[in-house]
Amino acid sequence: AQKVTQAQTEISVVEKEDVTLDCVYETRDTTYYLFWYKQPPSGELVFLIRRNSFDEQNEISGRYSWNFQKSTSSFNFTITASQVVDSAVYFCALSEEGYGGSQGNLIFGKGTKLSVKP
Amino acid sequence: KAGVTQTPRYLIKTRGQQVTLSCSPISGHRSVSWYQQTPGQGLQFLFEYFSETQRNKGNFPGRFSGRQFSNSRSEMNVSTLELGDSALYLCASSNRDSMIYEQYFGPGTRLTVT
């Protein structure tokens with residue numbers, strides 16, 4: 001069965017610290033997609049990144065970077081030099097390619113609440 | 001370009017009533033998915049629509065239903081409301097016919113059942 005585990009429920013850091021949010025997934029499909037979303041206090045989920053199972057290249061976008069390792073079924077997210085505006089709940093999600101070539105069902109982890117203090 | 005809009009933003013209903021929530025996707029997006037978010041269960045998939053057809057359904061009772069119109073707007077309905085239906089209901093749209101691509105979420109409808 002598909003499952004996404006975010007073991008860290010809450011993390012608190014001081015501004016400018018680096019922080020890594022962990023994500024471990026389970027799937028039996030060979031084709032799948034991994035996502036990270038940010039949910040600020042306003043409630044709207046903001047898309048951060050999508051990665052398919054055939055692309056294990058790490059990605060960097062400004063202060064954000066993602067480390068995808070199929071060998072450990074992990075897709076971790078690092079924020080470098082954190083800022084107060086990074087405070088939010090971060091969700092990791094999994095989508096599999098089901099019958100018909102697509103499946104619009106995102107399976108979310110429970111989320112990690114990140115608090116960045118000034 | 002306007003984002004995903006959801007109406008109403010807040011709703012208070014009484015147990016046993018029914019409710020209809022509306023979602024307008026980003027212009028040009030034909031795929032719409034619905035999710036329920038609660039503190040206990042987290043984010044859970046409800047259903048997915050593409051071109052007025054339900055393509056996928058999550059593990060929710062039959063009291064939860066939805067539909068999509070020819071203009072891609074979608075509605076979800078919950079009949080015979082229970083206290084446990086209190087949640088944030090999120091709608092997401094995608095500009096690809098396959099929802100494996102990024103989904104853009106609306107601000108949600110906060111439903112409170114008393």
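The present account deals with the structure reproduced in this document. (Residues numbered from 1 in each chain as written. Chains lettered and ligands numbered in written order. Predicted model: local features only at pLDDT ≥ 70, side-chain atom pairs only at ≥ 80, totals over all residues. Heavy atoms only, no water.)

### Some words on unusual backbone geometry
Residues and elements named next belong to chain B.
So, point 1. With an omega of -10°, the peptide bond running from T7 to P8 counts as cis.
So, point 2. Relative to the assigned elements, P8 resides in the loop between strand 1 (5-7) and strand 2 (10-13).
So, point 3. Phi is positive for S72, which is not a glycine, with a value near 80°.
So, point 4. Mapped onto the fold, S72 is located in the loop between strand 7 (64-68) and strand 8 (74-78).
So, point 5. Backbone geometry places T80, a non-glycine residue, at a positive phi of 45°.
So, point 6. Within the secondary structure, T80 sits in the loop between strand 8 and strand 9 (87-94).
So, point 7. Its relative accessible area of 46% is what places T80 among the partly exposed residues. (Helix = DSSP H or I, 4+ residues; strand = E, 2+ residues; numbered from the N terminus. Buried < 20%, exposed > 50% of the residue type's maximum accessible area, 1.4 Å probe, protein only.)

### Digging into the pattern of salt bridges
So, point 1. Applying the stated criterion to the full structure yields seven salt bridges over all chains.
So, point 2. Linking R51(A) and E59(A) is a salt bridge whose minimum nitrogen-to-oxygen distance equals 2.6 Å.
So, point 3. The exposure class assigned to E59(A) is partly exposed, which follows from its relative accessible area of 31%.
So, point 4. R63(B) is the salt-bridge partner of D85(B), the closest N and O atoms lying 2.8 Å from each other. Here R63(B) lies in the loop between strand 6 (53-57) and strand 7 and D85(B) lies in the loop between strand 8 and strand 9, a separation of 22 residues in the sequence.
So, point 5. Among the residues examined, R63(B) registers a relative accessible area of 16% and is labelled buried. (Salt bridge = Lys/Arg side-chain N within 4 Å of Asp/Glu carboxyl O.)

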